[in-house]
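Residue-level structure breakdown
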Amino acid sequence: MKRFRVVFQPGGREIYIPEGITVKDAINMAGIGFDFPCGGRGKCGKCRVRILEGAGRPTAADKEHLEAGEIEQGIRLACLTIINGDLVVELPYETIPEHKILLATEERSVKIEPHLTKTCVEMDRPSLEDQRSDWQRLKDALVQKNEKYKDLEVPLQILRKLPQTLRAAKYRLTAVTDDRHVLGIEEQDTTGKMLGIAFDIGTTTMVGYLLDLYTGEELSVVSALNPQTRFGADVITRITFAGQEENGLEKLQSAVVEMLDRLVGEAAEKAGVTRDDIYAVTVVGNTCMHHLFLGLNPQYIALSPYVPVVSEPLTFAAEELHINVNPAGRIFVLPNIAGFVGADTVAVLLATEMDWSDRIKLAIDIGTNGEIALGSRDRLVSCSAAAGPAFEGAQISSGMRGAVGAIDHVRFGDGVEYSVIGGGKPKGICGSGLLDAVAGLIEAGIIDKRGRILTPEQLTGTPAERFKDRIVRHEGANAFLLVDGSATEHGRPIMITQRDVRELQLAKGAIATGIQVLLDKYGIGVGDVTEVLLAGAFGNYLDPHSACVIGLIPPELEKKVKMVGNAAGTGAKLALLSQGEFRRAAAIAGFVEYVELGSYPDFASIFANSMSFPTISK
Ligand code: FES
């Protein structure tokens with residue numbers, strides 16, 4: 001079989017590949033973090049690369065998504081371009097190093113109560129007068145320190161290493177235990193160090209927090225793009241991939257597990273410790289991420305009646321999943337609520353203590369799937385709204401993630417002002433920027449209540465007349481020219497098209513419907529909500545005013561909005577530091593009522609109403 005050389009620019013990374021694979025496969029083989037939002041099916045047109053040398057004929061998908069001039073310049077969709085010769089490929093940007101991820105969190109106090117205990121004991125040496133077995137000797141010494149060890153059990157693999165360890169340590173060793181088992185034995189006194197790492201596995205990003213399990217101190221924070229994004233941007237695409245591709249589930253699982261293991265190593269290195277110092281790992285994620293991490297078939301989550309394989313909290317040895325931490329290390333996976341409301345929502349509720357609140361609060365974690373919870377200590381209801389990837393910038397004409405080069409905020413004054421992540425010329429617009437842009441266009445009177453972008457003629461004689469030159473025709477409809485091609489990084493204009501507005505209406509309509517259905521189910525009105533807690537990366541960057549102008553959040557609640565940072569990550573940290581919090585997570589999962597939106601009686605009419613924009617009072 002022939003092999004070809006592929007060089008990726010910038011950076012010059014070089015690999016040799018067999019003939020007949022796609023540029024997407026080559027990118028993945030090179031280990032380059034790159035997004036394939038539609039899973040590489042040629043549907044989204046987002047995986048553009050420029051073939052600097054060796055470009056072949058364009059595919060049908062290239063012709064559909066790219067302009068003739070772009071094709072001439074060598075731009076192709078990586079997912080469908082088959083490699084039949086040596087190539088030099090220019091990548092627009094490598095997502096992993098540039099990704100902007102929310103790392104700040106809102107902390108709350110926690111009583112530290114680690115899942116594992118370390119106890120150092122010194123034992124008498126055996127003699128003809130004292131012929132107790134090695135295990136009996138160790139157990140007696142432990143019981144002498146604490147009565148709770150009297151029913152301690154010891155697994156075979158510990159017994160196998162006990163005789164040598166005991167003697168090498170001159171009968172002074174540290175036992176690592178949970179409530180009932182010896183999990184590890186270490187020579188001498190190692191009680192001074194016990195670390196843990198809490199992971200929030202998002203559909204898009206993964207964040208890990210390395211903590212000292214004695215003090216709660218945060219030693220390092222690491223993050224990366226979830227490598228599963230190369231198999232699809234959203235959970236449904238990944239569930240389909242898991243079910244339909246050969247070894248799909250294995251591929252998805254090993255991608256996330258390998259990345260998590262890599263992040264463990266990075267976190268240890270950053271903090272100047274070793275993997276061996278890490279004894280506990282907690283994991284939260286939506287139900288699909290949870291299943292894929294554990295290698296559980298997620299297929300039935302997506303099929304009515306949307307049943308997960310397991311909802312209960314889980315604990316197992318880290319080595320079972322090939323996570324390289326201390327051999328005694330344990331993984332603690334928080335429980336799910338339902339097929340589409342997972343451990344990440346449980347973690348948000350744990351972090352925000354909504355289960356103890358005497359006032360009714362609304363928590364929204366906006367992402368591809370918006371998870372929404374409403375209530376207080378008396379009652380909590382939750383649902384999941386399929387917002388789609390518009391808030392992540394996917395399916396938006398100039399959309400991109402919140403990475404360097406994305407317009408993240410827009411303001412309409414005499415002209416249009418915007419800010420770009422990382423400074424410099426913009427490459428596209430991310431969710432928070434899109435929200436601002438559409439909210440500004442609504443307030444300026446350029447987009448009407450039903451979401452139509454008005455014509456220049458309709459703007460004549462109105463205060464919005466100053467923007468009328470920015471209304472252009474695009475794909476047979478009106479579009480608003482946000483940034484002219486001369487001011488962008490790639491020379492293409494950044495527009496808000498009619499289709500973008502429709503996508504945003506669908507996304508915000510889904511979340512707004514979820515909120516309305518929960519209020520109905522609870523039997524309360526918007527006025528009864530005392531606080532709106534916005535969680536997650538997108539929730540933290542969006543402007544609450546814009547969110548209210550477009551009706552994503554009921555406008556009456558604008559003054560009650562509070563950003564709570566990565567509350568799912570905070571919940572994972574709490575469950576890492578405290579067994580009590582881990583148990584409380586299980587209680588929360590059992591307490592929350594799940595509402596299935598699709599089968600709610602008034603769903604269709606609520607959704608139809610939620611699609612339009614609220615009337616602006618001027
Ligand atoms: S078109 Fe290539 S990933 Fe969507």
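Residues numbered from 1 in each chain as written. Predicted model: local features only at pLDDT ≥ 70, side-chain atom pairs only at ≥ 80, totals over all residues. Heavy atoms only, no water.

Observations concerning the sheet that holds strand S22 (residues 477–483)
Basically, it comes down to this: Pairing between strands requires that DSSP locate at least two bridges from one strand to the other. The secondary structure listing takes helices from DSSP runs of H or I that are at least 4 residues long and strands from runs of E that are at least 2 residues long, numbered from the N terminus. An axis is simply a line fitted to the C-alpha atoms; with a helix, the fit covers only the stretch in contact. Between two such axes, the angle follows the N-to-C directions and lies from 0 to 180 degrees. Contacts are residue-level and defined by heavy atoms, with any inter-residue pair within 4.5 Å sufficient.
Read across the open sheet, the 3 strands follow the order S21-S22-S23; overall the sheet is antiparallel. The open sheet is flanked by strand S21 (471–474) and strand S23 (494–497), the only strands paired with a single partner. The average undirected angle you get between the axes of adjacent strands in this sheet is 45 degrees. When S22 meets S23, the two strands line up antiparallel, connected through 4 bridges. Residue pairing in the sheet places Ala479 in a bridge with Thr497 of S23. Packing of helix H11 (residues 431–443) onto the sheet brings it into contact with S22 and S23, and relative to S23 it is tilted by some 60 degrees.

Side note on the domain arrangement of the protein
Condition: Here the limits of each domain have been adopted from an automatic or database domain assignment. Two parts placed together each lose some accessible area under a 1.4 Å probe, and adding up what both lose gives the buried area. Whenever Lys or Arg places a side-chain nitrogen within 4 Å of a carboxyl oxygen from Asp or Glu, that contact is recorded as a salt bridge.
According to the domain assignment, the protein contains domain 1 (3–92), domain 2 (117–187), domain 3 (352–388 + 508–611) and domain 4 (390–504). Listed per partner, the contact involves 18 residues of domain 3 and 13 residues of domain 4. Summed over both sides, the interface of domain 3 with domain 4 buries roughly 1,200 Å², with 66% coming from carbon and sulfur. Among the residues of domain 3 in contact with domain 4, Phe538, Val549 and Ile550 are the three that bury the most area, contributing 38% of the side total. Between domain 3 and domain 4 we count 0 salt bridges in total.

As for the packing of aromatic side chains
Condition: Note on ring pairs: Phe, Tyr and Trp rings are taken, using the six-membered ring of Trp, and paired if centres are within 6.5 Å. Classes follow the plane angle, with under 30 degrees stacked, over 60 edge-to-face and the rest tilted. The criterion is that NZ of a Lys, or CZ of an Arg, lies within 6 Å of the ring centre and within 35 degrees of the ring normal, and then a charge sits over that ring.
Applying the stated criterion across every chain, the model contains 7 aromatic pairs. With centroids separated by 5.8 Å and ring planes inclined at 45 degrees, the aromatic side chains of Phe412 and Phe480 adopt a geometry described as tilted. Linking Phe412 in strand S18 (residues 406–412) with Phe480 in strand S22, this pair joins segments that are 68 residues apart in sequence. Each member of the aromatic cluster is reached from another via a ring pair, and the members are Phe412, Phe467 and Phe480. Of note, Lys24 hangs over the ring of Phe36, and the distance from its end group to the ring centre comes to 5.5 Å.

Focus: empty space enclosed by the protein
Quick note on the threshold: Within this scheme a cavity is a closed region of a 1 Å grid, computed over the protein atoms alone, that accommodates a 1.4 Å probe without allowing it to escape, whereas a pocket is open but has protein on both sides within 12 Å along at least five of seven lines; lining residues each have an atom within 4 Å of a point. Grid points are joined across faces, edges and corners, and a volume is the space filled by probe spheres set on the points. Only Asp, Glu, Lys and Arg are considered charged in this grouping, and only Ala, Val, Leu, Ile, Met, Phe, Trp, Tyr, Cys and Pro are considered nonpolar; every other residue, Gly among them, is considered polar.
A full pass over the atoms with the stated rule returns 3 cavities of 30 Å³ or more. In terms of lining residues, the second largest cavity is bounded by Thr345, Val348, Ala363, Ile364, Asp365, Glu371, Ile372 and Ala373. Every element with two or more residues in the lining of the second largest cavity is listed here: helix H10 (343–352), strand S15 (361–365) and strand S16 (369–375). Looking at the lining of the second largest cavity, its residues break down into 5 nonpolar, 1 polar and 2 charged.

Overview of the sheet that holds strand S19 (residues 416–420)
Hydrogen bonding along the main chain pairs the strands of a sheet, whether they run parallel or antiparallel. Pairing within the open sheet is mixed, and its 3 strands lie in the order S19-S18-S20. In this open sheet, the two edge strands, each paired with only one partner strand, are S19 and strand S20 (428–429). Note: S18 against S20, 2 bridges, orientation parallel. Bridge assignment links Ile407 to a residue of S20, and that residue is Ile429. Sheet strands in contact with H11 are S18 and S20, and its direction is about 20 degrees off that of S18.

Let's talk about the pattern of salt bridges
Counting across every chain of the model gives 25 salt bridges. Three or more residues joined by partner-sharing salt bridges are found here, namely Asp130, Arg132, Arg137 and Asp140.

Some points on the confidence of the model for the protein
Stated formally: As a per-residue quantity, pLDDT reports the predictor's confidence and falls between 0 and 100.
When pLDDT is averaged along the protein, the result is 90, and 96% of the positions lie at 70 or above. Mean pLDDT across the secondary structure elements of the protein bottoms out at helix H4 (residues 95–98), with 38, and peaks at strand S14 (residues 330–333), with 98.

Points about the pairing of S22
Where we set the bar: Whether a residue is buried, partly exposed or exposed follows from its accessible area with a 1.4 Å probe, protein chains only, as a fraction of its type maximum: under 20%, in between, or over 50%, in that order.
Counting buried positions along S22 yields 7 of 7 residues, so the element is predominantly enclosed. Here S21 pairs with S22 via 4 bridges, running antiparallel. Counterpart to Arg473 in the pairing with S22 is Asn478. Linking S21 to S22, which pair antiparallel, is a turn of 2 residues; within it Glu475 sits at a positive phi near 50 degrees.

With respect to the pairing of strand S12 (residues 278–285)
Counting buried residues in S12 gives 8 out of 8 residues, a clear majority hidden from the surface. The pairing of strand S9 (residues 195–201) with S12 spans 7 bridges and is classified as parallel. Opposite Leu195, over in S12, you have Ile278 as the bridge partner. Relative to S14, S12 runs parallel, the two sharing 4 bridges. Within the sheet, the bridge partner assigned to Val281 lies in S14 and is Ile331.

Considerations on the packing of H10 against helix H16 (residues 567–577)
When two helices pack together, their arrangement is captured by the angle between the axes and the distance separating the axes. Let me state the cut-off plainly: Oblique is the label for every angle not falling under 35 degrees (roughly parallel), over 145 degrees (roughly antiparallel), or within 65 to 115 degrees (roughly perpendicular).
The geometry of H10 relative to H16 is characterised by a closest axis approach of 7 Å and an angle of 80 degrees between their N-to-C directions. In terms of axis orientation, H10 runs roughly perpendicular to H16. Contact with H10, carried on its side by Asp344, Ala347, Val348, Leu350, Ala351 and Thr352, involves Ala567, Ala568, Thr570, Gly571, Ala572, Leu574 and Ala575 of H16 and no other residues of that element. A breakdown of the residues in the contact of H10 with H16 according to their chemical character gives 9 nonpolar, 3 polar and 1 charged.

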